[in-house]
Amino acid sequence: MTIALLGSEDILAIAGDLWASYLGDEPLPSVAGLVVPEVSATVSVVGEWNGLVVVGTSVRGARLVGSVLLEIDEADLSDGDVNDAFGELVNIIGGNVKSVLPGPSSLSLPLVSAGAVTVSERGAAIVAEAALEWQGEQFEITVWSSIETKGA
Amino acid sequence: MRALVIDDSRAMRTILGRILAAQGFTVSDAGNGQEALDVLATLQAEDDLPALALVDWNMPVMDGLTFIKEARSRSELSNLTLMMVTTESEHAQIVRALAAGAHEYVIKPFTADAIADKLALLGLNPTAVSA
């Protein structure tokens, strides 16, 4: 298996399953790069394949995820609630992305941060990306490979 | 019938707790394997050990695989049914979890029906017990 087998349609399928299972409304496919994310959640994949899975969205997008997953009104969400829920979102997407990449490998715990995430490591490259719209908010999902990746 | 949800994500504990409550379980939760052992010790003292634990794999402090091995080594938890609920979907990982003592394995994302089906396969039906 090579990383060429991972495409935007795979990411959209993974995201579609996740949204259907936990978030209710089906997301719509969108165009990557339309907006600069205000919040990003990342997980690293380390092993036979090395890289990073990033989900970026607006502050409101992240809060919507938190509100639905935790069943808490948006106004009552703490930053910790939002980080927890948005982090779990990237954890599930990252785990499913990992499953179609060469293994064995392990997944890091999720990390949520303000702003967009760009991997500046020399040789790092985007291997797949997709975007979707849900509740009027844009969600960008990007898979970066590391220079350390074998067979990239 | 009590169930214990072990996951470092509060969002995932909420989702699983909701599903289990709908199935008739009384739900406790813990944020990692060590915290789960502490909760189990408390529940044992109250003579209220759970019949089921849903266990995430990747957690800080003590991960799910370590917890399962620890739980399986304790005679007082011999009746505890262990279901791994995780994003880890590689065949080798599933084999490791089952070999360590997990009775069932569910990959995230899951549906409520998928969890209910697994519980039925395991013969865990709180409604039937209390009827």
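Chain B is annotated in an unreviewed UniProt entry as Two-component system chemotaxis response regulator CheY of Motilibacter peucedani.

Chain A carries the name Chemotaxis protein CheX in an unreviewed UniProt entry, which gives Motilibacter peucedani as its organism.

## Brief notes about the overall build of chain A
Within chain A, the regular secondary structure consists of three helices and seven strands. Counting from the amino terminus, helix and strand elements in chain A follow one another as α-β-β-β-α-α-β-β-β-β. On C-alpha atoms alone, chain A measures out to a radius of gyration of 15 Å, which is about the 15 Å that the 2.2 N^0.38 rule sets for 152 residues. In terms of principal-axis extent, the alpha carbons of chain A reach across some 45 × 25 × 25 Å.

## A word on the nonpolar core
Counting 58 residues, the largest nonpolar core has Trp19, Tyr22, Leu89 and Ile93 of chain A together with Leu52 and Phe110 of chain B as the members making the most contacts within it. Counting residues per element, this core draws most heavily on helix 3 (residues 79-99) of chain A, which supplies eight residues. For Trp19 of chain A, the contacting residues outside a window of four places in its chain are Gly24, Asp25, Pro27, Leu89, Leu132, Trp134 and Phe139 of chain A. Membership of the second largest hydrophobic core comes to 25 residues, among which are Ile6, Ala30, Ala97 and Tyr105 of chain B.

## Observations concerning the environment of Pro109 of chain B
Within the secondary structure, Pro109 of chain B sits in the loop between strand 5 (104-107) and helix 5 (112-121). The spacing of Pro109 of chain B and Ala45 of chain B is 64 residues in sequence and 34 Å in space, taken between C-alpha atoms. Contact partners of Pro109 of chain B, with chain neighbours within four places excluded, come to Asp17, Leu18, Ser21, Tyr22, Ile92 and Asn96 of chain A.

## Structural notes on the sheet that holds strand 2 (residues 26-30) of chain B
Residues and elements named next belong to chain B. With respect to topology, five strands assemble into an open sheet ordered 2-1-3-4-5, the strand pairing being parallel. Each having just a single partner strand, strand 2 and strand 5 make up the two edges of the open sheet. Ignoring which end each strand starts from, the neighbouring axes of this sheet average 20 degrees apart. Where strand 1 (residues 2-6) and strand 2 come together, five bridges link them in parallel fashion. Each bridged residue has a counterpart across the sheet, and for Ala3 the counterpart in strand 2 is Val27. The strands touched by helix 2 (residues 33-45) are strand 1 and strand 2; relative to strand 2, the strand with the most contacts, the crossing angle is about 135 degrees.

## Some remarks on the packing of helix 3 of chain A against helix 1 (residues 10-22) of chain B
A pair of packed helices can be characterised by two numbers: the angle between their axes and the separation between those axes. Where helix 3 of chain A meets helix 1 of chain B, the axes come as close as 7 Å, and the angle between the chain directions of the two elements is 80 degrees. One element, helix 3 of chain A, and the other, helix 1 of chain B, form an angle in the roughly perpendicular class. Along the contact surface, helix 3 of chain A presents Asp81, Asp84, Ala85, Glu88 and Ile92 of chain A, while helix 1 of chain B presents Arg10, Ala11 and Met12 of chain B. Class assignment of the residues belonging to the contact of helix 3 of chain A with helix 1 of chain B gives a composition of four nonpolar, no polar and four charged.

## Observations concerning a nonpolar patch on the surface
Residue and element names in this part refer to chain A. Nonpolar side chains collect at one region of the surface, where Val31, Leu34 and Val35 lie side by side and expose about 280 Å² of accessible area between them. Take Leu34: it is sitting in the loop between strand 1 (28-30) and strand 2 (39-47). Overall, the relative accessible area of 57% leaves Leu34 in the exposed class.

What counts, and at which threshold
- Residues numbered from 1 in each chain as written.
- Chains lettered and ligands numbered in written order.
- Predicted model: local features only at pLDDT ≥ 70, side-chain atom pairs only at ≥ 80, totals over all residues.
- Heavy atoms only, no water.
- Helix = DSSP H or I, 4+ residues; strand = E, 2+ residues; numbered from the N terminus.
- Rg over C-alpha atoms; globule rule 2.2 N^0.38 Å.
- Core = buried A, V, L, I, M, F, W, Y, C linked by side-chain atoms within 4.5 Å.
- Buried < 20%, exposed > 50% of the residue type's maximum accessible area, 1.4 Å probe, protein only.
- Contact = heavy atoms within 4.5 Å.
- Pairing = 2+ DSSP bridges.
- Axes fitted to C-alpha atoms, helices over the stretch in contact; angles between N-to-C directions.
- Parallel < 35°, antiparallel > 145°, perpendicular 65-115°, else oblique.
- Nonpolar A, V, L, I, M, F, W, Y, C, P; charged D, E, K, R; others polar.
- Patch = residues over 30% accessible without salt bridge, like charges linked within 9 Å, V, L, I, M, F, W, Y side chains within 5 Å.
- Areas by Shrake-Rupley, 256 points an atom, 1.4 Å probe, with all protein chains shown as cover.
- Salt bridge = Lys/Arg side-chain N within 4 Å of Asp/Glu carboxyl O.

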